[in-house]
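If you want the building blocks of each chain, they are given just below.
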Protein chains: 2
Amino acid sequence: MTKHKVSTAVIRRLPRYFRHLNDLLQGGVVRISSNALGDAMGLTASQIRQDLSCFGEFGQQGYGYHVETLLAEVSDILGINNGHNAIIVGAGNLGRALIENFHFDSTGFRLTAAFDINPTLVGTRLAGIPVLHTDKLEQYIAEHPTHVAVLTIPGGVARETATRLVDTGIRGLWNFTNVELELQNKTVVVENVHFADSLLALNYMISE
Amino acid sequence: MTKHKVSTAVIRRLPRYFRHLNDLLQGGVVRISSNALGDAMGLTASQIRQDLSCFGEFGQQGYGYHVETLLAEVSDILGINNGHNAIIVGAGNLGRALIENFHFDSTGFRLTAAFDINPTLVGTRLAGIPVLHTDKLEQYIAEHPTHVAVLTIPGGVARETATRLVDTGIRGLWNFTNVELELQNKTVVVENVHFADSLLALNYMISE
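With that out of the way, let us pick up the pattern of salt bridges. Overall, the coordinates contain 10 salt bridges over all chains when judged by the stated rule. The closest approach of N and O atoms between A:Asp197 and B:Arg19, which form a salt bridge, is 2.5 Å. Taken together, the residues A:Asp197 in helix H8 (residues 195-207) and B:Arg19 in helix H1 (residues 8-26) connect one chain to another. In this structure, the salt-bridge partner of B:Asp51 is B:Arg13, at a minimum N-O distance of 2.6 Å. Taken together, the positions of B:Asp51 in helix H3 (residues 45-53) and B:Arg13 in helix H1 put the pair 38 residues apart, joining distant regions of the chain. In this structure B:Asp51 comes out as buried when scored by relative accessible area, which is 3%. Each of A:Arg19, B:Glu180 and B:Asp197 takes part in one network of salt bridges that share partners.

Laid out in structure tokens, this is it:
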């Protein structure tokens with residue numbers, strides 16, 4: 001299996017395959033044709049065959065895809081079984097919403113700690129996750145393998161916090177701060193969550 | 001200007017144009033070539049010319065784009081000047097994070113009210129926005145023109161709440177609940193925010 005030269009568009013569709021296949025599996029569907037999967041996802045059958053061919057041969061002509069097998073393959077491609085650990089930096093409303101409601105485990109992450117500077121939070125636990133002082137970031141990461149940091153801090157401290165995290169050797173930042181992080185270290189992946197892009201697209205669609 | 005037959009991919013890129021042009025304007029850039037804008041956005045110059053040609057002729061050969069003019073055009077295309085009103089249903093952590101930190105106005109919306117069933121919240125204000133009881137949804141919308149509802153309620157009540165909202169004649173739902181809403185009324189636009197898709201893509205990228 002080669003993962004090279006996979007386009008951004010395909011990478012962005014992989015989580016959607018994962019989501020739809022999970023829904024199908026939970027709905028008791030054993031196998032599905034590329035046509036039917038395409039209909040459910042708003043893609044053509046040939047697009048689906050092309051996307052999945054980036055990673056190997058999964059379907060079988062005249063049979064389609066075995067849902068459970070394809071889901072396992074897509075999960076594997078996405079790195080869900082890699083045992084990655086995540087921390088959250090910023091336990092304000094958004095941080096807490098993620099700590100309490102987001103299923104990190106279903107995306108292959110274990111959330112191990114949260115960080116904040118608020119003295120009423122530091123030392124407590126939120127949904128079982130310990131809240132440590134942000135001063136302890138470097139020390140914590142040195143002692144606990146950490147692959148991804150979720151940034152739910154105020155925008156004003158986003159850049160300096162990102163720099164500190166990058167210096168620890170972290171591999172990815174899940175950035176909710178709306179600050180464009182231009183990192184010197186290009187091996188660190190930044191995934192931005194732009195709420196505004198989503199609401200703007202909705203504005204366009206209701207204005208049509 | 002025709003808005004018909006604009007592909008989903010172009011619609012998804014429009015907010016990114018808006019964001020980059022805003023950054024350029026704030027950075028004092030007066031005009032930009034399609035090459036330079038493409039570099040900043042990770043697109044080719046011809047892709048940019050093609051995207052924008054869906055809506056009319058904006059650039060000028062040998063000059064490029066006048067940043068402020070193009071931003072005004074893109075804002076207009078996105079419907080930012082349409083004076084849309086939004087409400088938030090669910091004032092838990094995520095709802096509060098949006099009420100307190102998200103700039104609805106910069107996406108062309110006015111946030112007018114929040115709804116919750118929590119008696120300690122109902123009757124109060126969050127960041128100046130009144131919190132009403134969810135029982136009052138229909139009455140409120142009948143009295144106050146409302147175009148979009150933000151769903152930050154628990155998944156268990158997502159479908160029934162969406163149905164109630166659709167029955168009021170609302171035009172769009174900004175859905176953070178992770179529940180797939182299959183609406184009977186196909187004229188209502190649902191924009192889903194799938195946090196998990198974003199984190200899965202990050203998992204893929206750090207696993208490469």
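There's plenty left to go through after this.
Residues and elements named next belong to chain B. Taken together, the 7 strands give an open sheet; going across it, the order is S5-S6-S4-S3-S7-S8-S9, and neighbouring strands pair in mixed fashion. In this open sheet, the two strands that pair with only one neighbour each are strand S5 (125-126) and strand S9 (189-192). Here strand S7 (residues 148-151) pairs with strand S8 (residues 172-175) via 4 bridges, running parallel. Within the sheet, the bridge partner assigned to alanine 149 lies in S8 and is leucine 173.

Turning our eyes to something else, we now look at the confidence of the model for chain A. Summary statistics for chain A give a mean pLDDT of 92 and a share of 98% for residues scoring 70 or more. Reported confidences for the modelled complex are a pTM of 0.88 and an ipTM of 0.92.

This part covers the interface of chain B and chain A. The interface is formed by 55 residues belonging to chain B together with 55 residues belonging to chain A. Here chain B packs against chain A, burying approximately 4800 Å² in sum over the two surfaces, 68% of which is carbon and sulfur. The largest contributions to the chain B side of the interface with chain A come from B:Leu199, B:Tyr204 and B:Ile206, which together make up 16% of the buried area. Remark: the boundary between chain B and chain A carries 4 salt bridges. Taking the shortest distance from any N to any O, the salt bridge between A:Arg19 and B:Glu180 comes out at 3.1 Å. There are 24 residue pairs in polar contact (both at pLDDT 80 or more) connecting chain B and chain A. If you list the elements that add at least two residues to the side of chain B that touches chain A, you get H1, helix H4 (67-78), helix H5 (93-101), S8, S9 and helix H8 (195-207) of chain B. Partitioned by chemical class, the residues of the side of chain B that touches chain A number 30 nonpolar, 13 polar and 12 charged.

With 54 residues, the main nonpolar core has A:Phe104, A:Trp174, A:Phe195, B:Phe104, B:Trp174 and B:Phe195 as its most contacted residues. Excluding residues within four positions of it along the chain, A:Phe104 makes contact with A:Ile88, A:Leu98, A:Phe109, A:Leu111, A:Val150, A:Trp174 and B:Leu199.

A positive phi angle is found at A:Asn178, which is not glycine, with a value near 70 degrees. Phi is positive for B:Ala127, which is not a glycine, with a value near 50 degrees. Looking at the secondary structure, you find B:Ala127 in the loop between S5 and strand S6 (129-133). Owing to a relative accessible area of 56%, B:Ala127 belongs among the exposed residues under this scheme.

What follows concerns the relation of the copies chain B and chain A. Superposition record for chain B on chain A: RMSD 0.0 Å, screw rotation 180 degrees, translation along axis 0.0 Å. In short, the pair behaves as if placed about a two-fold rotation axis. Nearest to the rotation axis, the C-alpha of B:Asn93 is located 2.4 Å from it, this being the minimum over chain B. Take the interface residues of chain B: 100% of them recur as interface residues in chain A, which is what a same-surface contact looks like.

About the cut-offs
- Residues numbered from 1 in each chain as written.
- Chains lettered and ligands numbered in written order.
- Predicted model: local features only at pLDDT ≥ 70, side-chain atom pairs only at ≥ 80, totals over all residues.
- Heavy atoms only, no water.
- Salt bridge = Lys/Arg side-chain N within 4 Å of Asp/Glu carboxyl O.
- Helix = DSSP H or I, 4+ residues; strand = E, 2+ residues; numbered from the N terminus.
- Buried < 20%, exposed > 50% of the residue type's maximum accessible area, 1.4 Å probe, protein only.
- Pairing = 2+ DSSP bridges.
- pLDDT = per-residue confidence, 0-100.
- Contact = heavy atoms within 4.5 Å.
- Buried area = accessible area lost by both parts, 1.4 Å probe.
- Polar contact = N/O pair within 3.5 Å; in protein donor to acceptor, adjacent residues only side chain to side chain.
- Nonpolar A, V, L, I, M, F, W, Y, C, P; charged D, E, K, R; others polar.
- Core = buried A, V, L, I, M, F, W, Y, C linked by side-chain atoms within 4.5 Å.
- Least-squares fit on C-alpha atoms with pLDDT ≥ 70 in both.

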